[in-house]
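Take a look at the letters that make up each chain.
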Amino acid sequence: MKIQFSFIKIAVCLLLFVVGGAAQADQRSPESSFEITLSVVSGSNDAAQKGELPQSLAPIAKQLRSSFGLTSLRVADTYVGRIGNGGNINYKSLANIDTSAQPETPSFLDWTIAGLRNASNPNSFFMQAFRFGARVPVRVGGGADPNGKQLSVIQYESIGLNVDRLTVGENTPVLIGTIALPKADGGRVFLVLNVSPAAN
C-alpha cells in the first residue's frame, strides 16, 4: 500500500514539474510576430521616368538591370503589415504602379500572404501562399468630342502573380516575381518582399 501511495505521489510531482516547466517555457517564448514589407518596383525604358531604388534595394536593382536591361527603376509603392506566427494578411488599396495613369483612372491592387511562420532553417521564414493582383487602366481608343476636346476610352486589365510554398531569408529583400505591364515601352512591375521579426 505504501509503495502504491509513493508511486502516485511521485507521478503527481512529475506532472506538476512538467506543467510548470511548460508554463515557464511559454513565458520565455511568446508567439512570434513578423513585419512584412512589400515593395512594388516599377521598371521601364522611358527616358522621362528616370529613377533609382533606395540603398536597401541595391542588390535587387543590380539583379533587375542585369536581367532586364531597364533604364529606369523606381519604388512605385511600399506596403507594411504585421502578423503573428502562422497568420495571414490581406491588403487592398489604390496603387501608383504606372505614373502615366491619370488621377481619374487609378490602379487597384489586392495582395495576400497566407500561413507565414518560422522555417526549419535558422533565420528564414516559410509562407504557404503569396498572392498579388492588380487592375490597371489601359487606353484602348480615343477621339475628339464635337468641341474638339480629346477623349480616351479606358479599359481595366487584370494582372497578377500567385506563388505557393515559399521560403525567404530574414531581413533580406527577395524578388518574388515580375509582371509585364500592358504598355508599349516594355514596362514591368517587380514584387520585392522583406520579412523581419517584429519588435514586441
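Per chain, residue numbering runs from 1 following the sequence as it is written. Local features in this predicted model are restricted to residues whose pLDDT is 70 or higher, and side-chain atom pairs enter the listing and the counts only when it is 80 or higher, whereas totals over whole chains, interfaces and linings include all residues. Note that water and hydrogens are dropped before the side-chain values are worked out from all heavy atoms of the structure.

Draft legend 1. Up close: the pattern of salt bridges. Whenever a carboxyl oxygen of Asp or Glu lies within 4 Å of a side-chain nitrogen of Lys or Arg, that contact is scored as a salt bridge. Enumeration according to the criterion identifies one salt bridge in this entry. Note that Arg 131 is salt-bridged to Asp 164, the shortest N-O span being 2.7 Å. Placement of Arg 131 in strand 5 (residues 124–144) and of Asp 164 in strand 6 (residues 150–169) is noted, with a sequence separation of 33 residues between them. In this text, helices come from DSSP runs of H or I with a minimum length of four residues, and strands from runs of E with a minimum of two, each type numbered from the N-terminal end.

Draft legend 2. Seen up close, the sheet that holds strand 6. As summarised here, the arrangement of the four strands in space is 3-4-5-6, forming an open sheet in which the pairing is antiparallel. Two strands lie at the open edges of the sheet, namely strand 3 (87–95) and strand 6, each paired on one side alone. Between one strand and the next, the sheet's axes are offset by a mean angle of 10°, whatever the strand orientation. Pairing between two strands is assigned when DSSP locates at least 2 bridges connecting them. To get an axis, fit a line to the C-alpha atoms, keeping to the stretch in contact for a helix; angles then go from 0 to 180 degrees between the N-to-C directions.

Draft legend 3. Seen up close, the sheet that holds strand 7 (residues 174–180). Spatial ordering of the open sheet is given by 2-1-8-7, a layout of four strands whose pairing is antiparallel. Of all the strands in the sheet, just strand 2 (72–84) and strand 7 have a single pairing partner and so form its edges. For this sheet, the mean inter-axis angle between neighbouring strands, taken without regard to orientation, is 20°. Pairing of strand 1 (residues 33–44) with strand 2, which is carried by twelve bridges, proceeds in the antiparallel orientation. By the bridge assignment for strand 2, Thr 37 is matched with Val 80. In the packing of helix 2 (residues 58–68) onto the sheet, the strands contacted are strand 1, strand 2, strand 7 and strand 8 (188–197), and the crossing angle to strand 7 comes to about 40°. Residues are treated as being in contact if the distance between any of their heavy atoms lies within 4.5 Å.

Draft legend 4. Spotlight on the packing of aromatic side chains. Between rings of Phe, Tyr and Trp, where Trp is taken as its six-membered ring, a pair exists when centres lie within 6.5 Å; planes separated by under 30 degrees are stacked, by over 60 edge-to-face, and by other angles tilted. Under the criterion given, the structure shown has five aromatic pairs. Residues Phe 108 and Tyr 156 carry aromatic rings whose centres are separated by 6.0 Å and whose planes lie at 50° to one another, so their mutual orientation is tilted. Placement of the pair is Phe 108 in strand 4 (residues 107–118) and Tyr 156 in strand 6, with a sequence separation of 48 residues. Residue Tyr 156 is classed as partly exposed on the basis of its relative accessible area, which comes to 28%. Three or more aromatic residues joined by ring pairs make a cluster, and in this case those are Tyr 79, Tyr 91 and Trp 111. Throughout this description, buried means an accessible area under 20% of the type-specific maximum (1.4 Å probe, protein chains only), exposed means over 50%, and partly exposed covers the range between.

Draft legend 5. Looking closely at the side chain of Asn 194. With respect to the helices, strands and loops of the structure, Asn 194 is situated in strand 8. Here Thr 172 takes part through its backbone nitrogen, which lies 3.0 Å from a polar atom of the side chain of Asn 194. If we ignore the near neighbours within four places in the chain, the residues touching Asn 194 are Glu 35, Ile 36, Thr 37, Asn 171, Thr 172 and Pro 173. Pairs of N or O atoms are called polar contacts if they sit within 3.5 Å, as long as, within protein, a hydrogen donor faces a hydrogen acceptor (for residues adjacent in sequence, only side-chain-to-side-chain pairs).

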